[in-house]
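Single-letter residue listing:
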Amino acid sequence: MNIEEIAKLMVAKGKGILAADESTGTMEKRLKSVNVECTEKNRLHFRETLFSSNSMKTSISGVILFDETLRQTSSNGVPIPDLIKKSGSIPGIKVDKGAKPLAGSEQEKVTEGLDGLRERMEEYYKLGARFAKWRAVYSISSKNPTEKCIKSNAHALARYAAIVQEAKMVPIVEPELLMDGDHSIDKCYDVTSKILAECYKELTIHSVNLKGTVLKPNMILPGKNCKQKASTEEIAKKTLECLKKNMPSEVPGVAFLSGGQSEVEATKNLNEINKINDTSFNFTFSYGRALQQSALKTWAKSMTDTAKIQKVFDHRAKMNSASTEAKWDEKLEQNFAA
Ligand code: 13P
């Protein structure tokens, strides 16, 4: 399969991406929140329980893995990339080395990991990965994000994307404007617009084939501490408008991050975006927390009850799958006795 075909599959209707690529540090926080020790064995156990669920076949187009997981073998002796492929899903790999302090800027970050990336991509391909992820982060304050932050992250994202395509893999381009702060939804719209415009300018300069990419942006939302809440309709309308304004038509689609929204909010907002979608772009999910939160809590309480954990995960995956086709509603959500 070539990269354009892989990118189309990643954003195909009815399916979405499971972002299970938390670094060991982030996993430490997630497991601590449910009082489980963050050992390699526990990380593998939780993840392979999800990767063996039924919904992997029906609702998950791809799984983003952390370096450690791509190299692990399940308890049945199946390499993790093969376990994912067996469900008809595509293994992917997070390749950035994290957001580091941006020199000369207060509190801002630039994502690192370009050194040696070409060599790492060769190895990841051999291990079975067919797409990659690189996340840039931006936050809103009275001074930020600065032009320096927007430009340096866009430049890194474009250089990453070009290297990934050279290795015959699809780059997920993830510029994430964080929800932290009390900014309005319109401020989020304006800043996201600037960030996306700069990303596509750099991707074009670096000759990235946009048909072989997937965009993973934030939705347009008010800041977490903003007093003025927004309706689902307003979020969907502004998100769609912002993406229409800034995305070149060659990009096959968008796989949103959940970014701290609750599980149901993330599903509901995606459903609404798909209800009003009048573009040729496919809109799907690439959720981490909004796909795994309930399953993680269930796992922590009943680690050996695989069926129970998988039932919780399957439900969330199916709800999100429905939202990619604007078929989700509250009734469907409640039609589930855990
Ligand atoms: P969340 O959906 O939890 O924001 O995670 C998605 C992700 O992959 C962030 O890089």
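One can find the structure itself at the top, above this paragraph.
Residues numbered from 1 in each chain as written. Predicted model: local features only at pLDDT ≥ 70, side-chain atom pairs only at ≥ 80, totals over all residues. Heavy atoms only, no water.

Caption draft 1: Structural detail: the nonpolar core. Core analysis: the biggest nonpolar cluster contains 103 residues, and Phe51, Met121 and Tyr160 have the highest contact counts within it. Broken down by element, this core gets its largest block of residues, 10 residues, from helix α8 (residues 147-166). If sequence neighbours within four positions are ignored, Met121 has contacts with Val95, Ala132, Ile163, Val164, Ala167 and Met169. (Core = buried A, V, L, I, M, F, W, Y, C linked by side-chain atoms within 4.5 Å. Buried < 20%, exposed > 50% of the residue type's maximum accessible area, 1.4 Å probe, protein only. Helix = DSSP H or I, 4+ residues; strand = E, 2+ residues; numbered from the N terminus. Contact = heavy atoms within 4.5 Å.)

Caption draft 2: Highlighting the layout of surface pockets. What the largest pocket holds in volume is close to 850 Å³. Arg30, Arg135, Val137, Glu176 and Arg289 are the residues nearest the centre of the largest pocket, which is lined by 37 residues in total. Mapped by element, the contributors of at least two residues to the lining of the largest pocket are α2 (24-33), β6 (131-138), β7 (170-177) and β10 (282-287). Across the lining of the largest pocket, the residue classes tally to 10 nonpolar, 11 polar and 16 charged. Taken together, 13 residues line the second largest pocket, and the ones lying closest to its centre are Leu221, Ala230, Ile235, Glu265 and Asn269. Elements supplying a minimum of two residues to the lining of the second largest pocket: α10 (232-246) and α11 (263-276). Here the residues of the lining of the second largest pocket are counted per class, giving five nonpolar, four polar and four charged. (1 Å grid on protein atoms, 1.4 Å probe; cavity = no way out; pocket = protein on both sides within 12 Å on 5 of 7 lines; lining within 4 Å. Points joined across faces, edges and corners; volume = space filled by probe spheres on them. Nonpolar A, V, L, I, M, F, W, Y, C, P; charged D, E, K, R; others polar.)

Caption draft 3: A look at the pattern of salt bridges. This model, assessed by the stated rule, comprises 24 salt bridges. Across the pair Asp82 and Lys85 runs a salt bridge whose closest N-O atoms are separated by 3.7 Å. Separated by three residues within a single helix, Asp82 and Lys85 lie in helix α6 (residues 80-86), roughly one turn from each other. Residue classification places Asp82 among the partly exposed residues on the basis of a relative accessible area of 34%. Accessibility expressed as a relative area gives 42% for Lys85, which makes it partly exposed. In this structure, Arg118 and Glu166 form a salt bridge, with 2.6 Å as the shortest nitrogen-oxygen distance. Of the two residues, Arg118 sits in helix α7 (residues 117-126) while Glu166 sits in helix α8, which places them 48 residues apart along the sequence. Through salt bridges with shared partners, one network takes in Asp21, Lys133, Arg135, Glu174 and Glu176. (Salt bridge = Lys/Arg side-chain N within 4 Å of Asp/Glu carboxyl O.)

Caption draft 4: Seen up close, the site of the ligand. The full set close to the ligand counts 13 residues, and Lys133, Lys216, Ser258, Gly259 and Arg289 are the nearest of them. Take Lys133: an N or O atom from its side chain is 2.5 Å from an oxygen atom of the ligand. Contact between the ligand and Lys216: an oxygen atom at 2.7 Å from a side-chain N or O atom of the residue. Surface burial for the ligand is 92%, taken as the share of its 300 Å² of free accessible area covered by protein chains. Using a 2 Å cut-off from the grid points, one finds that the ligand occupies the largest pocket. (Near = heavy atom within 4 Å. Polar contact = N/O pair within 3.5 Å; in protein donor to acceptor, adjacent residues only side chain to side chain. Areas by Shrake-Rupley, 256 points an atom, 1.4 Å probe, with all protein chains shown as cover. Sits in = over half its atoms within 2 Å of the grid points.)

Caption draft 5: Structural context of helix α1 (residues 3-10). Turning to α1, its buried residues are Ile3, Ile6, Ala7 and Met10. Along the axis of α1, the buried residues cluster in a sector spanning 100°; they form a single face. Two or three places before Glu4, at the opening of α1, Asn2 has a side-chain oxygen 3.0 Å from that residue's backbone nitrogen. (Arc of directions from axis to C-beta.)

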